[in-house]
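One letter stands for each residue in the lines below.
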Amino acid sequence: MSKKTELIPRLIAAHRPGQPLPKSPDKTLGLLEHALWIALMRHLTERQARTALAALREAYPDWNELRVSQTQEIVGRMGLNPDGEDVAKCKRAAASLRDVLQEIFQNTHGLDLEFLRADLTAGAKVMAKSPNLGYAGLSYILWLAAGGGVPLTQSMAKALERLELIPRSNSAQKSQGAVAALVPPGKELEFALVFLEIAETWNDPDEPAYVRYEALRETPAGKKAYEERQQAMARAEVARKREEERQRKEDEKERKRLEIEAKKREREQEKIERQRKAQALQREKDQRLAAEKAQKEVERKAALAAEKAQKEAERKAEAARLVAEERARKEAEREAVKAEKAAKKAAEQEAKRAALAKIAAEKQAAKEQAQRAAKEAAAQREAAKKAELAKKEAQKKEVQKKAEQAKKEAAKKAEAAKKEAAKKAEAAKKDAAKKAAAKKPAPKKESPKKDAPKKAEAAKKAPAKKAEPKAKATESSKSKPAPKSASKPTGAKSSGASAAKAPAADAAKAKKGAASKQSASKGDSKGAAKAPARRTPARR
């Protein structure tokens, strides 16, 4: 019993966790948050890991969102502001965090480890396949799930039974009591870390627990397992040496075979080389003979070609001479024809220029004659126009003078008639007053003031009635002399018009005569212009 009691402290003292773990748990965090904390501590300090976990918990209310996030995004939300090498550490920590979440999600089909508190044994089986969390991390989580006690899993119980630290039993409660008696006070976590690792790595092919811990080799089970491993390793070494010897013999046999084949290939190669040289000599001889034959054939063909070329050159030279002579003869004929055509064309052009010059002279003479006739006609028209204007001006003045005289006479007659009518009206007024005074009855004794207006009114009306026919006569007398005076200007106008018609007729005759002269001159000029055109072909 003393040996068993000494074994546990020795194992705890020799144990070194495979990864950093929190010094003390945080009561505000759950099991999953502790697992993430342990994952971060693989690459960061405990304080940095705790700070990053708090920042990520604030940034990701749902851990599943963090599981599917990019590494760079997770690093940016850790709240560490890394630089230099710390950036690489943070990236590795973020990748480890995401791997642990993915591993838990695949094993539990969720992101919650609180189920471990209810069924630690079943939970340990589920979480056994957690290489990213590691043996140390898993032991720490199981220790938390056990409420700070030893998480006695099935694998740990088998390891303790194998080491004969607890008796074999089918009762979990008895096994738990036996384990509690073995655990040093306050060393529950260390006990769980050591024996869970021993249970999981007892049969590790690379480094089993009994090899890593010397104290285990002092136990019967550890000693037996170690000796069996040594024997197995010895057998494996013998088998390895036997296999190496066999492989050496096989390699030696293969080497000899390869040497024989190499010599055989060398002899065949020499034979092939001799045949190749003989063939090369034969080909060289054949080529030399073929070259000599080809040279002779070339020389023969060259001589024939030279002779043929000389004959062809002579034939071509003769043909070229004949062609040159024919070309020179045709060129001379073309030049003669061209010269004859040029002379003929020059003569025709000279005759044409002479005819055109004559026509131009005749046209110029006709044009000058027409211009002179036009000037004369224009001068005659201008003179006739001036005479007509002077005659009309004189007639206009005469008519105006007669009209003014008739107007003055009519005004004098009207004034005299007016005065006469006024005198007659005054005389009639006086006669009427006298007659009225004679016919007047004896005056009644009335007030003179009342009768005065009536008498005055009657006196006014009586003369006015008598004066009306005189006024009419006066108006008729005023209007009678007017036709006489108007008839005179009319006659003057008619005489003036008859007088004006004569110069107009003379001017029209003069204009007609000028037009006839102009047309005659144009006809002469046309005849003069057409005449050379008819005679030109005769000269040609």
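Residues numbered from 1 in each chain as written. Predicted model: local features only at pLDDT ≥ 70, side-chain atom pairs only at ≥ 80, totals over all residues. Heavy atoms only, no water.

### Focus: the overall build of the chain
Quick note on the threshold: Starting at the N terminus, helices and strands are each numbered in turn, a helix being any DSSP run of H or I of at least four residues and a strand any DSSP run of E of at least two. The classification of residues rests on relative accessible area computed with a 1.4 Å probe and restricted to protein chains. Under 20% of the type maximum is buried, over 50% is exposed, and intermediate values are partly exposed. Residue contacts follow a heavy-atom distance rule, with two residues in contact if any of their heavy atoms lie within 4.5 Å. Using a 1.4 Å probe, the Shrake-Rupley method yields the accessible areas, and only the shown protein chains count as cover for residues.
Each helix and strand in the chain was counted, giving 16 helices and 0 strands. Counting every position in the chain, which comprises 540 residues, the buried fraction comes to 25%. In the chain, the share of contacts with a sequence separation of at least 24, taken over all contacts with a separation of at least 6, comes to 64%. For the chain, the accessible area works out to roughly 37600 Å², and carbon and sulfur atoms hold 55% of it.

### A short note on the packing of helix α10 (residues 154-162) against helix α12 (residues 188-201)
Inclusion rule: In this analysis, axes come from line fits to C-alpha atoms, helices being fitted only over the stretch in contact, and the angle between any two N-to-C directions falls in the range 0 to 180 degrees. Between 65 and 115 degrees an angle is taken as roughly perpendicular, under 35 as roughly parallel, over 145 as roughly antiparallel, and anywhere else as oblique. Note on residue categories: nonpolar means Ala, Val, Leu, Ile, Met, Phe, Trp, Tyr, Cys or Pro, charged means Asp, Glu, Lys or Arg, and polar means any other residue, Gly included.
At their nearest, the axes of α10 and α12 sit 8 Å apart, and the two run at 85 degrees to each other. Classified by the interaxial angle, the pair formed by α10 and α12 is roughly perpendicular. Packed against α10, whose contacting residues are Ser155, Met156, Ala159 and Leu160, the element α12 presents Phe191, Ala192, Phe195, Leu196, Ala199 and Glu200 at the interface. The class makeup of the residues in the contact of α10 with α12 is 8 nonpolar, 1 polar and 1 charged.

### Considerations on the packing of aromatic side chains
Rule in force here: Centre distance within 6.5 Å is the pairing criterion for rings of Phe, Tyr and Trp, where only the six-membered ring of Trp is used; planes under 30 degrees apart are then read as stacked, over 60 as edge-to-face, and the remainder as tilted. Placement of a charge over a ring requires the Lys NZ or Arg CZ to be within 6 Å of the ring centre, with the centre-to-atom vector within 35 degrees of the ring normal.
Scanning the model with the defined rule gives 3 aromatic pairs in all. Ring centres of Phe191 and Phe195 lie 4.4 Å apart, and the angle between their planes is 35 degrees; on these two criteria the pair is classed as tilted. Here Phe191 and its partner Phe195 are both found in helix α12, 4 residues apart, which amounts to about one turn of the helix. Considered together, Phe191 and Phe195 belong to a single accessibility category, that of buried residues. Sitting above the plane of the Trp37 ring, Arg50 keeps its charged end 5.7 Å from the centroid. Here Arg67 stacks its cationic end above the ring of Phe105, 4.1 Å away from the centre of that ring.

### What to know about α10
Within α10 the residues assigned to the buried category are Met156, Ala157, Ala159, Leu160 and Glu161. In this structure, the buried residues of α10 make contact with α11 (172-182) and α12. Following α10 by one or two positions, Glu164 has its phi on the positive side, about 60 degrees.

### Examining the environment of Arg162
Inspection of the secondary structure assignment puts Arg162 in helix α10. The partly exposed category is assigned to Arg162, whose relative accessible area is 32%. When the C-alpha atoms of Arg162 and Gly222 are compared, they prove to be 8.7 Å apart, with 60 residues separating the residues in sequence.

### Focus: the side chain of Thr153
With respect to the element layout, Thr153 can be found in the loop between α9 (134-145) and α10. Not counting chain neighbours up to four residues away, the residues in contact with Thr153 comprise Ala124, Leu142 and Leu196.

### Considerations on the confidence of the model for the chain
Where the model shows low pLDDT, its predicted coordinates should not be examined in detail. Stated precisely, the cut-off is as follows: pLDDT is a residue-level measure of predictor confidence that goes from 0 to 100.
Residues with a pLDDT of 70 or more make up 80% of the chain, whose mean pLDDT is 80. Across residues 519-540, where pLDDT falls below 50, the model places 16 contacts with residues more than four positions away in sequence or in other chains.

### A look at unusual backbone geometry
Despite not being glycine, His109 shows a phi value in the positive range, around 60 degrees. Locating His109 in the fold gives a position in the loop between α6 (85-108) and α7 (115-118). Judged by relative accessible area, His109 falls into the exposed class, the value being 71%. Of note in this structure, Glu164 is not a glycine but carries a positive phi near 60 degrees. Tracing the chain through its elements places Glu164 in the loop between α10 and α11.

### Looking at the pattern of salt bridges
Put simply, the rule reads: The salt bridge criterion pairs a side-chain nitrogen of Lys or Arg with a carboxyl oxygen of Asp or Glu, the two atoms within 4 Å.
Counted according to the given criterion, the structure contains 27 salt bridges. Between Arg50 and Asp26 there is a salt bridge, with its nearest N and O atoms 2.6 Å apart. In this pair, Arg50 is assigned in helix α3 (residues 46-59) and Asp26 in the loop between α1 (2-14) and α2 (31-41), connecting sequence segments 24 residues apart. For the salt bridge of Glu261 with Arg257, the shortest nitrogen-to-oxygen distance reads 2.5 Å. Residue Glu261 and its partner Arg257 are located together in helix α14 (residues 220-439), separated by 4 residues, close to a single helical turn. For Glu261, a relative accessible area of 30% translates into the label partly exposed. Each of Glu254, Arg257, Glu261 and Arg265 takes part in salt bridges that share partners, so that together they form one network.

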